[in-house]
Amino acid sequence: MGKNMNWRLTAATLSICMTVLAGCQSTEKAATPTASTGNGKSVAGEIPTVEVLTPWDPGLPIGSDLPVFVEWGKRTGVKFNVNSPPRDAFKEKMNIVLSSGQLPDMMKFFQDDRTFKDYGPQLFVALDDYMKAGKLPNLEKWLKKYPEADKVMRHPEDGKLYAFPLVQDFDFATTLWLVRNDLLKKEGLDASQIQTVDDFKKAMLALKKQTGDYITSSRLGFDYFAERTQMYFGINVNNGPGNGMMMDPETKKFVFAPVDFKDRYKQWTELMSWMYSEKLLHPNFLTMKDQELFAGYESGQFPLMMEQLAMSNNLNPKKDPARDIQPIYPLKIDGKTYTQNLDPHYNIAYRSPMVINKKSKYIDQIIKAMDYTYSDEGIEFFMLGVENETFTRDKTTPSGYKLDKTQSVWTVGADGKYPEGMKKQTDYGYGSWWLTGVIPSYNRFGLLGFKAGEDQQAAIIPDRMKKLKEMNALRDPEPSINWSKDESSKLAEITTPLKTYMSENLTKFILGQKPMTEWDAFVDGFKKLKTDELVKMYNEKYAKSK
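Quantities reported herein were computed from a predicted structural model and do not represent experimental measurements. (Residues numbered from 1 in each chain as written. Predicted model: local features only at pLDDT ≥ 70, side-chain atom pairs only at ≥ 80, totals over all residues. Heavy atoms only, no water.)

Draft legend 1. Representation of helix H4 (residues 115-123) in the model. Within H4, the full set of buried residues consists of Thr-115, Phe-116, Lys-117, Asp-118, Tyr-119 and Gly-120. Those residues of H4 that are buried are in contact with helix H3 (90-100), helix H7 (147-153), strand S16 (354-356) and helix H22 (485-510). (Buried < 20%, exposed > 50% of the residue type's maximum accessible area, 1.4 Å probe, protein only. Helix = DSSP H or I, 4+ residues; strand = E, 2+ residues; numbered from the N terminus. Contact = heavy atoms within 4.5 Å.)

Next comes the structure, spelled out in structure tokens:
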């Protein structure tokens with residue numbers, strides 16, 4: 001990641017950066033002193049103003065006066081001064097900050113499990129001594145519960161922890177295809193009957209009769225599309241590296257799927273190509289934006305979703321009782337159902353790890369504030385807000401809570417409108433994964449949207465997970481591999497041209513720009529791209545990590 005940084009910045013750009021971060025590590029006078037310097041010396045009579053650099057979900061309000069930052073600061077004894085560039089421009093902003101040397105006190109870093117380790121020893125606070133001193137008890141509790149989260153965060157050479165992970169406190173499998181079953185029933189079909197690729201084809205053609213046009217699409221480019229559609233063929237992994245590598249669940253060794261599972265890989269490609277030629281897969285499936293795709297689901301234009309298990313609501317956001325949304329469980333490929341890996345109990349790529357500037361004057365205060373995000377009170381606060389201001393407790397609801405102070409199922413009127421002036425949770429900054437240290441199961445499974453007596457509806461996602469387990473369609477998360485900087489450079493050297501070769505050729509096969517008669521030549525082409533060396537690297541590293 002670091003080698004892609006733009007080190008040649010104009011004086012104007014640097015000036016802008018310095019202006020944005022001006023006042024870094026500022027303070028406010030207070031009656032009680034609690035600040036400390038980076039050298040551990042206290043600074044009397046000051047409430048620390050901690051400079052924060054963080055991305056935020058598009059369309060959400062962001063700023064230092066957002067209630068989530070104000071209340072978090074009150075509870076932990078600091079004041080946050082927040083700088084939040086657009087999410088799409090965050091990587092560029094981070095490059096500017098690093099180049100200028102003007103780092104804020106704390107910041108979200110690049111969304112990967114590698115870059116913060118590269119910079120850690122030079123720029124960021126190692127958390128180990130603070131854990132040994134008992135200053136991170138809540139974080140330590142979660143790292144003990146999910147040791148894989150601890151393992152993946154540590155620097156591969158010095159073994160230290162330089163950033164805070166996002167912990168996922170649930171078992172979850174990301175991919176499950178969903179369909180408008182009410183439309184299938186009009187053609188005499190049912191989602192429960194879809195068990196093979198031929199069944200799936202028949203169902204898609206039936207859906208097209210109802211819509212008269214393309215029935216599905218995708219978003220976020222080729223890697224995401226491939227991951228969500230290849231899962232049913234057992235040739236990819238949830239939240240994987242996107243370079244063809246995966247753990248073979250039978251041999252317990254890493255393999256390169258396009259070669260080792262080339263027959264199933266070909267079947268997947270042929271199915272996607274058929275969908276495209278039959279005008280079932282939208283021609284913009286590799287470039288479509290979230291907003292357009294979700295609008296297509298809501299309008300009924302796209303009655304088939306090859307997406308994430310938890311996205312049922314996108315096919316029926318208004319809870320129209322006439323719409324029957326049902327899953328298409330993993331198909332039998334040549335008579336066998338293939339498993340998909342459970343998500344790991346951490347999520348670095350989404351949240352991006354939070355790091356602390358080792359030159360900050362307020363390290364102790366930031367440590368305290370960050371540990372709060374892993375406490376029971378903190379988890380509840382970031383998910384729900386302030387009791388009796390944004391939520392109340394209710395043991396009769398599936399989640400144990402009511403969002404009866406903000407826009408929700410409890411406050412919407414019969415006309416579909418909310419009381420005048422009522423805000424959404426996100427208007428306060430609550431309910432987002434961007435800040436919290438732990439995602440609780442009630443949030444991931446969507447239980448907050450159901451009232452008392454709606455336990456059956458609230459159980460949809462847990463029940464689907466149960467069904468996948470009963471089908472033996474789930475397996476353990478992929479092993480975490482903690483690459484060193486040199487190893488990462490070697491990986492990039494191999495995988496960058498490899499991923500380009502895969503995406504370009506597979507796209508051509510799907511679009512009909514390349515005949516399937518050239519499939520064997522495509523697979524043979526991997527021999528020149530050092531895939532054998534890649535497989536060896538993965539298996540040797542995995543063997544050493546056990």
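Next comes the rest of the write-up.
Draft legend 2. Structural context of the nonpolar core. Membership of the largest hydrophobic core comes to 91 residues, with the highest contact counts inside it found for Phe-200, Trp-268 and Met-275. The element best represented in this core is H22, accounting for 7 residues. Aside from chain neighbours lying at most four places away, what touches Met-275 is Phe-200, Met-204, Thr-216, Leu-280, Leu-281 and Met-306. (Core = buried A, V, L, I, M, F, W, Y, C linked by side-chain atoms within 4.5 Å.)

Draft legend 3. Structural context of the packing of H22 against helix H24 (residues 531-545). Following both chains from N to C, one finds H22 and H24 inclined at 145°, their axes separated by 10 Å at the closest point. Where H22 crosses over H24, the two elements pack in a sense that is left-handed. Here Glu-487, Lys-490, Leu-491, Ile-494, Thr-495 and Leu-498 of H22 lie close against H24, whose contacting residues are Thr-531, Glu-533, Leu-534, Met-537, Tyr-538 and Lys-541. Here the residues of the contact of H22 with H24 sort into 6 nonpolar, 2 polar and 4 charged. (Axes fitted to C-alpha atoms, helices over the stretch in contact; angles between N-to-C directions. Left-handed = near helix turned anticlockwise from the far one by under 90°. Nonpolar A, V, L, I, M, F, W, Y, C, P; charged D, E, K, R; others polar.)

Draft legend 4. Summary view of the pairing of strand S4 (residues 46-53). The buried fraction of S4 is high, at 7 of 8 residues. Relative to strand S5 (residues 79-83), S4 runs parallel, the two sharing 5 bridges. Residue pairing in the sheet places Thr-49 in a bridge with Lys-79 of S5. Chirality of the crossover, the property in question, places the unit of S4, helix H2 (residues 67-76) and S5 among those that are right-handed. Sheet topology places S4 next to strand S6 (residues 106-108); 2 bridges connect them, and they run parallel. Each residue of the ladder has a partner; that of Leu-53, found in S6, is Met-107. (Pairing = 2+ DSSP bridges. Right-handed = clockwise from strand over helix to strand, strands pointing away.)

Draft legend 5. Here's a closer look at empty space enclosed by the protein. If you walk through the whole model with that rule in mind, you get 1 cavity of 30 Å³ or more. Each pocket or cavity is described by its volume, and for the largest cavity that value is around 40 Å³. Those elements that provide at least two residues to the lining of the largest cavity are helix H10 (221-230), helix H13 (290-299) and strand S11 (304-308). The dominant element in the lining of the largest cavity, judged by the number of residues it contributes, is H10, at 4 residues. Among the residues making up the lining of the largest cavity, the classes are represented as 5 nonpolar, 3 polar and 3 charged. (1 Å grid on protein atoms, 1.4 Å probe; cavity = no way out; pocket = protein on both sides within 12 Å on 5 of 7 lines; lining within 4 Å. Points joined across faces, edges and corners; volume = space filled by probe spheres on them.)

Draft legend 6. Summary view of the sheet that holds strand S12 (residues 325-328). Spatially, the 3 strands line up as an open sheet ordered S11-S8-S12, and their pairing is antiparallel. Each edge of the sheet is formed by a strand with only one pairing partner; in this case those strands are S11 and S12. Direction aside, the axes of adjacent strands within the sheet are offset by 35° on average. Judged from the 4 bridges that link them, strand S8 (residues 175-180) and S12 form a sheet pairing that is antiparallel. Bridge pairing in S12 links Leu-178 to Pro-327. Sitting on the sheet, helix H9 (residues 197-211) touches S8, S11 and S12, and the angle it makes with S11 is about 120°.

Draft legend 7. The side chain of Glu-478, seen in detail. Looking at the element boundaries, Glu-478 is found in the loop between strand S20 (474-475) and H22. A relative accessible area of 17% places Glu-478 in the buried class. At a separation of 3.0 Å, a polar atom in the side chain of Glu-478 contacts the main-chain amide nitrogen of Met-247. Discounting residues that sit within four places of it in the chain, Glu-478 has contacts with Val-237, Met-246, Met-247, Phe-254 and Asn-341. (Polar contact = N/O pair within 3.5 Å; in protein donor to acceptor, adjacent residues only side chain to side chain.)

Draft legend 8. A look at the pattern of salt bridges. This structure, assessed with the given rule, holds 23 salt bridges. A salt bridge links Lys-541 to Glu-487; the nearest nitrogen and oxygen atoms lie 2.9 Å apart. Of this pair, Lys-541 sits in helix H24 while Glu-487 sits in helix H22, and the two are 54 residues apart along the sequence. Between Glu-493 and Lys-490 there is a salt bridge; the shortest N-O distance is 3.6 Å. Of the two residues, Glu-493 and Lys-490 both sit in helix H22, 3 residues apart, roughly one turn of that helix. (Salt bridge = Lys/Arg side-chain N within 4 Å of Asp/Glu carboxyl O.)

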